[in-house]
Amino acid sequence: MTTTTETTTVKGAVGTAHTRVEGRDKVTGAARYAGELPFANLAHGWLVPSTIARGRVRSVEADPALAMPGVLAVLCHGNAPRVDANYEGTLGRPDPVVALFQHDRVPFVGWPVAMVVAETSEQAREAAEALVVHYDQEPHDVEFSAGRPGTYLPEGDGMRVEKGDLDAQLAASAHVVDAEYTTPEEHHISMEPHAATARWDNGRLEIVDSNQGSTWVADEIAKLFSLDPSSVRVLSEHVGGAFGSKGLRVHQVLAVMASTMLDRPVRVVLTRRQMFSLVGYRSPTTQRVRLGAEPDGRLRAFEHQGQSLSSTVHEFVETSAGYGRPMYAADAHHTTNRVVRLDVPTPTWVRAPGEAPGSFAVESALDELAEKCGMDPIALRVRNEPAVGPVSGLPFSSRNLLACFDEGARRFGWADRDPRPGLRREGRWLLGTGTAAATFPVLVAPSTAAVTAEADGTYTVRITAADVGTGARTALTLIAADVLEVPADRVQVRIGDSDFGHAMLAGGSMGTRSWGWAVTAAARELREKLVPGGHIPPDGITVRSDTSAVLGTLSEKERHSFGAQFAEVAVDVATGEVRVRRMLGIFAAGRIVNPLTARSQFIGGMTWGLSMALHEEAVRDRASGALVSPDLAGYHVAAHADVPRIEADWVADPDADDPVGIKGIGEIGIVGAAAAVANAVWHATGVRHRTLPIRPDRVLRAGVLPGATGAVPGDESRA
Ligand code: MOS
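Reading the values: rules and limits
Residues numbered from 1 in each chain as written. Predicted model: local features only at pLDDT ≥ 70, side-chain atom pairs only at ≥ 80, totals over all residues. Heavy atoms only, no water. Helix = DSSP H or I, 4+ residues; strand = E, 2+ residues; numbered from the N terminus. Rg over C-alpha atoms; globule rule 2.2 N^0.38 Å. Buried < 20%, exposed > 50% of the residue type's maximum accessible area, 1.4 Å probe, protein only. Pairing = 2+ DSSP bridges. Salt bridge = Lys/Arg side-chain N within 4 Å of Asp/Glu carboxyl O. Polar contact = N/O pair within 3.5 Å; in protein donor to acceptor, adjacent residues only side chain to side chain. Axes fitted to C-alpha atoms, helices over the stretch in contact; angles between N-to-C directions. Contact = heavy atoms within 4.5 Å. Core = buried A, V, L, I, M, F, W, Y, C linked by side-chain atoms within 4.5 Å. Expected span 1.5 Å × (residues − 1). Parallel < 35°, antiparallel > 145°, perpendicular 65-115°, else oblique. Left-handed = near helix turned anticlockwise from the far one by under 90°. Nonpolar A, V, L, I, M, F, W, Y, C, P; charged D, E, K, R; others polar. Phe/Tyr/Trp six-rings, centres within 6.5 Å; stacked < 30°, edge-to-face > 60°. Lys NZ or Arg CZ within 6 Å of the ring centre and 35° of its normal.

A. Examining the overall build of the chain more closely. Check the secondary structure of the chain and you find 16 helices and 24 strands. Computed over its C-alpha atoms, the radius of gyration of the chain comes to 27 Å, within 12% of the 27 Å expected for a compact globule of 719 residues. Principal-axis analysis of the C-alpha atoms gives the chain an extent of 75 × 75 × 50 Å. For the chain, the residues scored as buried account for 61% of the 719 residues in total.

Below, the structure written as structure tokens:
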């Protein structure tokens, strides 16, 4: 077949709405996830979690389990292969929970103490649930509270940042807000549980997984098992949600251990209940915010002290207090992240780590300050808009926060709002509106990509990107199509295969920006290489890119996305139920590659913010050290019936450095959303809620502003 590079010139795929390229496969079931791909001779592993929060495994009664139907092996600390978690990975040291069965210590409820491998998953489960484990139990401590004994300032960047004399500025302030906010333990709840199948194939380890970065996981597995990195291949084609939970986790390690021991493919799928203790979660936080302002609202003092928890085996810090550093200028600016180590699993990144809980505290406190100053909450933010980074002094790459508030206020109808709380009533419902700002860092990391001009006139992009449900595969298709100047249907993007080479993981809102940069670089060079009308050899022409060098030349700036969140709530004075009636989010988050999937992503984040404000709360039982109900019956995530009309839109905000103009949109949707809801609850009831979630019992106990219940339906003149 004679083929040429002759093409119809097409421009502008980026910025136009495209359905997901794999959408049909997903809705018809043709897309196979890690736990359902067929394998010959497949065995199944089932994890046995500890039932105590602290102590030792005295013994595991393996023999009765081994005698059960189909059981092939029982792994525990007595017989598991040795691994070494003493290495530096991409994101530092791994959580030692991945060094499975290396000792008899138990540091939390749910710690893996054994795994049963059997011919079927049912047989493995039956035996795992029947397995008797004897423990030597020790007293545990899972109680989290502000400033409790053991709380410390971690080492490392960004834990304490101080500028100016806080006490002096607070003393000189006309208005002071000093309030403590708390957020509970929250979980990622990805729809697809963690699942991996491992097998050895001619001396190469292949892992079919569900993760946020296949080269990342391959690298960690190689280090953990002391393997040559080139002998590990990780594949992760479709991922049903991740949100920070899908890196190296116990399921891949379990599958590798068992397939190595049995020399056959082994699959391990975590149950929903196991996910509550083994894939990380968002730490509860206590946050004290002190703001001091001039009569006109200008901030003299800004203090944010955040506290989170971590496990006894690994330090992870939820950096809530980082939120205000790029946001609000003040003469004195003090922010600190502290942590306390308890007998609980290690928390981890959860969508907008730091910013999600941090924005709840700061954006609530700003609303309280606006009330004290007698100012409109948006006007207060306008008054405190900084010209340069408030702490760093660096210029902003772009800062379109006020454009978000302008557009949001116009569309939400903010100008008509009576600022007084507890005035609006409709039957049993008190009504209120609230707003909050949002921000998230804009980062980028080195990636490699390969783009091939195929002999049939199509193009293939290969990059170890991960599409965790965001539409990344589709976004990269549009980006490549524009650079190559061909219609999007001529481009095939292949992702989720560590053999494609190093690429940034899907995290930190950096995926599409990092991958898009690499894809653009390779596609540009390919396009220059192709001679119009020239022949393409049968195996195509391939160009590879690596963005390491170019990213090293980026100037130092404050790079962030921004947003303005709005919410309207109704509060039932009889039951304490809070219903969100509508939400609007306007974002300045770089050039939007695919408006269809981007809008979904913003709305998804905002929905999670609603859920964070009103519903989500994992409760730990002091006596047992376990979660009270680690399941979706007890841990309520906002369902359809909870979610009203949510609109998300954006203002023009292309990033000047990025070749496509991308900033990143993965996380900012949740930032500020819970504060907007909480501020609306105050506006409805006249009572501040500083503890999430704003449960009916909390609303009832806190009551409403005297007079609010006496208002007459339709009469908005009475307070
Ligand atoms: Mo996300 S919490 O950056 O995976």
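B. Summary view of the pairing of strand 8 (residues 175–183). The two faces of strand 8 differ: His175, Val177, Ala179, Tyr181 and Thr183 on one face are buried, but Val176, Asp178, Glu180 and Thr182 on the other face are not. Where strand 8 lies against strand 13 (residues 285–293), nine bridges are found, and the strand directions are antiparallel. What sits directly across from Val177, in strand 13, is Leu291.

C. Seen up close, the pattern of salt bridges. Considering all chains together, one arrives at 55 salt bridges under this definition. A salt bridge links Glu22 to Lys26, with the shortest nitrogen-to-oxygen separation between them at 3.1 Å. Lys26 gets classed as partly exposed once you look at its relative accessible area, which sits at 23%. With a closest N to O distance of 2.6 Å, Glu303 and Arg290 form a salt bridge. Here the residue Glu303 occupies a position in strand 14 (residues 299–311), and Arg290 occupies one in strand 13, the gap between them amounting to 13 residues.

D. Region of the structure containing the side chain of Ser545. Positionally, Ser545 belongs in strand 21 (residues 541–546). Overall, the relative accessible area of 8% leaves Ser545 in the buried class. Here the side chain of Ser545 touches Ala518 through a polar contact of 2.7 Å, landing on its backbone oxygen.

E. Up close: the sheet that holds strand 20 (residues 491–494). Pairing in this open sheet of four strands is mixed, and the strands run 20-19-18-21 from one edge to the other. What marks the edges here is a single partner per strand, and that holds for strand 20 and strand 21. In this sheet, neighbouring strand axes are inclined to one another by 15° on average, regardless of whether the strands run parallel or antiparallel. Against the sheet, helix 11 (residues 472–484) engages strand 18 (448–453), strand 19 (459–462) and strand 20, with an angle of about 135° to strand 20.

F. The arrangement of unusual backbone geometry in detail. With an omega of -5°, the peptide bond running from Leu692 to Pro693 counts as cis. Structurally, Pro693 can be placed in the loop between helix 15 (673–685) and helix 16 (696–702). For Phe243, which is not a glycine, the phi torsion comes out positive at approximately 65°. Mapped onto the elements, Phe243 comes out in the loop between strand 11 (232–235) and helix 6 (250–262).

G. The nonpolar core, seen in detail. Core analysis: the largest hydrophobic core is formed by 82 residues, its most contacted members being Leu291, Phe566, Val569 and Met583. Sequence-distant contacts of Val569, defined by excluding residues within four places in its chain, comprise Leu430, Leu431, Gly432, Val578, Arg579, Val580, Arg581, Val677, Ala680, Val681 and Ala684. Ranked by size, the runner-up nonpolar core spans 64 residues in total, among them Tyr87, Val113, Leu254 and Leu270.

H. Just the sheet that holds strand 14, in detail. A sheet is described by the order of its strands in space; here five strands give the open sequence 7-15-14-13-8, paired in mixed fashion. The outermost strands of the open sheet, each flanked by one partner alone, are strand 7 (160–163) and strand 8. Each strand of the sheet is rotated relative to its neighbour by a mean of 10°, with strand direction disregarded. Each of strand 8, strand 13 and strand 14 is contacted by helix 8 (residues 355–373), which is oriented at about 150° to strand 8, the strand it contacts most.

I. Molecular detail of helix 12 (residues 511–529). Taking 1.5 Å per residue, 19 residues should reach 27 Å; helix 12 reaches 27 Å between its end C-alpha atoms and fits that length. Among all positions in helix 12, only Gly511, Arg513, Ser514, Trp515, Gly516, Trp517, Ala518, Val519, Thr520, Ala522, Ala523 and Leu526 are buried. In the core, the buried residues of helix 12 are packed alongside strand 18, strand 19, helix 11, strand 21 and helix 13 (548–551).

J. Looking closely at the packing of helix 11 against helix 12. Running from N to C, helix 11 and helix 12 cross one another at 30°; their axes reach a closest spacing of 9 Å. By the angle class used here, helix 11 and helix 12 are roughly parallel. Relative to helix 12, helix 11 is oriented so that their crossing is right-handed. Contacts between helix 11 and helix 12 involve Ala472, Ala475, Leu476, Ile479, Ala480, Val483 and Leu484 from the former and Thr512, Trp515, Gly516, Val519, Thr520, Ala523, Arg524, Leu526 and Arg527 from the latter. Here the contact of helix 11 with helix 12 is built from residues that sort into eleven nonpolar, three polar and two charged.

K. Local environment of the packing of aromatic side chains. Evaluation of the coordinates by the stated rule reveals twelve aromatic pairs. Ring centres of Phe405 and Phe566 lie 6.3 Å apart, and the angle between their planes is 80°; on these two criteria the pair is classed as edge-to-face. Of this pair, Phe405 sits in helix 10 (residues 401–412) while Phe566 sits in strand 22 (residues 560–572); the two residues are 161 residues apart in sequence, bridging distant segments of the chain. Looking at Phe405, the relative accessible area reads 1%, which means it is buried. Taking relative accessible area as the criterion, Phe566 reaches 0% and is therefore assigned buried. Between Trp414 and Phe566, the aromatic rings sit 5.6 Å apart at their centres with planes inclined by 70°, giving edge-to-face as the arrangement. Taken as a pair, Trp414 in the loop between helix 10 and strand 16 (424–426) and Phe566 in strand 22 lie far apart in primary sequence, 152 residues in all. Among the aromatic residues, ring-to-ring pairing joins Phe405, Phe412, Trp414 and Phe566 into one connected group. Sitting over the face of the ring of Phe412, Arg582 holds its NZ or CZ atom 3.8 Å from the ring centroid. Over the aromatic face of Trp682 sits the side chain of Arg688, whose NZ or CZ is 4.2 Å from the ring centroid.

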